[in-house]
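Take a look at the letters that make up each chain.
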Amino acid sequence: MSSVKAFAALDNSSPLVPHTIERRDPKPHDVQIDILFCGVCHSDLHFVKNDWGMSTYPLVPGHEIVGKVTAVGPHVKKFKVGDLAGIGCLVDSCRDCDNCKEGLEQYCSNGWVGTYGGQEKDGSGATYGGYSKTILAHEDFVLKISEKLDLAASAPLLCAGITTYSPLRHWKVGKGTRVGVLGLGGLGHMGVKLAVAMGAEVTMLSHTPSKEADAKRLGAHQFVLTSDEEQIKKVTGYFDFILDTVSAAHDYNFYLGLLRTNGVMVCVGVPPAPAQIPAMNLIFGRKSIGGSLIGGLPETQEMLDFCAEHNIVSDIEIIAMKDINTAYERLEKSDVKYRFVIDMSTL
Ligand code: NAP
Ligand code: ZN
Ligand code: ZN
C-alpha cells in the first residue's frame with residue numbers, strides 16, 4: 001500500500017478536509033497516473049451528502065481525472081510513461097457478463113467498481129477518486145487523452161461528456177432531430193455542444209434567464225426559459241428528444257408535454273426523490289421516458305476521439321483544492337460556468 005494526499009468528506013454534513021488515503025500496490029496490468037486536473041461533477045456533491053443512501057466515508061470524490069502516466073506494469077500495452085491519460089467513473093467490472101463483453105461495463109451484471117466509494121474486486125479495500133495526487137487502474141479502464149485539446153478542459157469529458165454523448169448516440173440523434181437539453185450545467189453544456197456537433201437542432205431549456213447568451217454561444221439554436229408560459233407554449237409538442245440533466249426535483253410531466261408524437265425524454269440527472277408519472281402522459285403521443293448511465297469504456301474512447309476531431313472541450317472555471325467547499329455551495333445554486341475543475345497542483 002502507499003499513502004497518498006487527498007481531500008475527503010468524513011461524513012455527510014461536514015466540509016471536505018485534507019486527508020491521507022492508502023492506495024493498493026500496482027499490478028502487472030496497472031497504469032499509475034499523476035493527477036493534474038479533476039473535474040467537479042454534481043454527483044460528487046450528491047455522494048458527499050449521501051443523497052442516494054449509498055455513500056461510505058471517508059469519501060474522496062472525483063471521477064473526471066486527467067494526468068500523466070508515471071509508471072506502467074510489465075503487461076501494459078496501451079500506455080507508456082509520460083503519456084496523457086484519463087479515468088472516468090469506473091475502474092473495474094467483471095469483464096465476463098454479456099454487458100461487459102459488449103463494452104457496456106457501466107451496466108455490468110455483476111457490479112462494476114466505481115472510481116470512488118467502491119470496493120476493489122481483489123479485496124484490497126475501498127476505491128478513492130481524483131481529489132488526490134495519484135491514482136492507478138487496470139489499463140482497460142484508462143482512457144487516451146488527446147494532446148490537441150486543453151488538458152484541464154478535457155477532464156469533464158470523462159463524465160459530463162460521455163454521460164451526454166452516450167444517450168445522444170443510442171437514440172440516434174443527428175441531422176434534423178429536434179433536441180431539447182434541460183438544465184445548463186456541467187452535463188447540459190456538454191449536451192448542447194455534442195448535439196450541435198451531431199447536426200441536431202438544439203434548444204436550451206433553462207430556469208435561469210441569465211444563461212441565454214451563453215446557451216447561444218455554446219451553439220444552441222434557441223433558448224427557452226422554462227418559467228415563461230409564452231415561450232413554453234411555442235415548444236409544446238415540439239421535441240423529438242429531451243435530455244434531462246437537472247439535479248433537483250422537477251415535474252417530469254411538464255417536460256413530457258413538450259415532446260411530439262413518438263418523442264423520447266431521457267433522464268441523466270438524478271434528483272434525490274422519486275417522480276410520479278401518470279401512464280396517460282406517455283400513452284397520448286406514444287411517448288417514452290428512459291434513462292442512461294455514463295458510458296462504457298469503448299464508447300468513452302470514441303467520445304474522446306470525437307471531441308478531439310471536433311475540437312470540443314468543456315467551458316471551465318479552474319479552482320484550487322481549498323476552494324472545493326465554496327464550489328459545492330455554488331453548484332447547489334446553479335452558479336457554475338460550466339464545470340469547476342480542480343488544479344491538483346494546489347493540493
Ligand atoms: P450541475 O452542473 O449542477 O447542473 C445541473 C443544472 O440543473 C443546473 O445548472 C440548472 O440548470 C438545473 N437545475 C438545478 N436545480 C434546478 C431546479 N431546482 N429546477 C430546475 N432546474 C434546476 O450538475 P451536473 O454535474 O451537470 O449533473 C446533473 C445531474 O446529472 C446530477 O443529478 C448528477 O448526479 C447527474 N449525473 C448523472 C450521470 C449519469 O450517468 N446518468 C452522470 C453524471 C451526473 P439551469 O440553471 O439552466 O436551469
Ligand atoms: Zn459525474
Ligand atoms: Zn460484467
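Residues numbered from 1 in each chain as written. Chains lettered and ligands numbered in written order. Predicted model: local features only at pLDDT ≥ 70, side-chain atom pairs only at ≥ 80, totals over all residues. Heavy atoms only, no water.

Next up on the list: the overall build of the chain. A tally of regular secondary structure across the chain gives 11 helices and 17 strands. Relative to a compact globule of 347 residues, whose C-alpha radius of gyration would be 20 Å, the chain shows 20 Å and is just as compact. Principal-axis analysis of the C-alpha atoms places the extent of the chain at approximately 60 × 40 × 40 Å. Taking all 347 residues of the chain together, 56% fall into the buried category. For the chain, contacts bridging at least 24 residues in sequence account for 66% of all contacts bridging at least 6. Carbon together with sulfur atoms contributes 52% to the accessible area of the chain, which is approximately 14700 Å² in total. Side-chain charges in the chain split into 33 positive and 40 negative, and the spacing between the mean points of these groups amounts to 4 Å. (Helix = DSSP H or I, 4+ residues; strand = E, 2+ residues; numbered from the N terminus. Rg over C-alpha atoms; globule rule 2.2 N^0.38 Å. Buried < 20%, exposed > 50% of the residue type's maximum accessible area, 1.4 Å probe, protein only. Contact = heavy atoms within 4.5 Å. Areas by Shrake-Rupley, 256 points an atom, 1.4 Å probe, with all protein chains shown as cover. Lys, Arg positive; Asp, Glu negative; His and termini not counted. Charge placed at Lys NZ, Arg CZ, Asp CG, Glu CD.)

For the zinc ion (ligand 2), the protein coordination sphere consists of Cys41 (SG), His63 (NE2) and Cys159 (SG), at 2.0 to 2.3 Å. Motif for the zinc ion (ligand 2), donor spacing along one chain: C-x21-H-x95-C. With a gap of 96 residues between them, histidine 63 in the loop between helix H1 (42-48) and strand E4 (65-72) and cysteine 159 in the loop between helix H3 (151-154) and helix H4 (160-170) connect regions that are remote in the sequence. Classification of histidine 63 by relative accessible area gives buried; the value is 8%. Given the relative accessible area of 4%, cysteine 159 is considered buried. (Donors = N, O, S within 2.8 Å, 3.2 Å for Na, K, Ca; no water.)

Once that is clear, we can look at the side chain of glutamine 106. Relative to the assigned elements, glutamine 106 resides in the loop between helix H2 (98-101) and strand E7 (113-114). Classification of glutamine 106 by relative accessible area gives buried; the value is 2%. Within the structure, the side chain of glutamine 106 is placed 3.4 Å from the backbone oxygen of leucine 293, a separation counted as a polar contact. (Polar contact = N/O pair within 3.5 Å; in protein donor to acceptor, adjacent residues only side chain to side chain.)

Before going further, it helps to examine the domain arrangement of the chain. Annotation of the chain at the domain level lists domain 1 (2-159 + 314-346) and domain 2 (161-291). Placing a centre on the C-alpha atoms of domain 1 and another on those of domain 2 gives a separation of 28 Å. Contacts between the two partners involve 14 residues from domain 1, matched on the other side by 18 residues from domain 2. Between domain 1 and domain 2, the buried area comes to about 1400 Å², and carbon and sulfur atoms account for 51% of it. Looking only at domain 1, the three residues that lose the most surface to domain 2 are Cys159, Asp315 and Tyr338, adding up to 41% of its buried area. Counting the contacts that link domain 1 with domain 2 gives three salt bridges. Put simply, aspartate 315 and lysine 193 hold a salt bridge, and the shortest N to O gap is 2.6 Å. Viewed at the interface, domain 2 and domain 1 are joined by 14 residue pairs in polar contact (both at pLDDT 80 or more). (Domains from an automatic or database assignment. Buried area = accessible area lost by both parts, 1.4 Å probe. Salt bridge = Lys/Arg side-chain N within 4 Å of Asp/Glu carboxyl O.)

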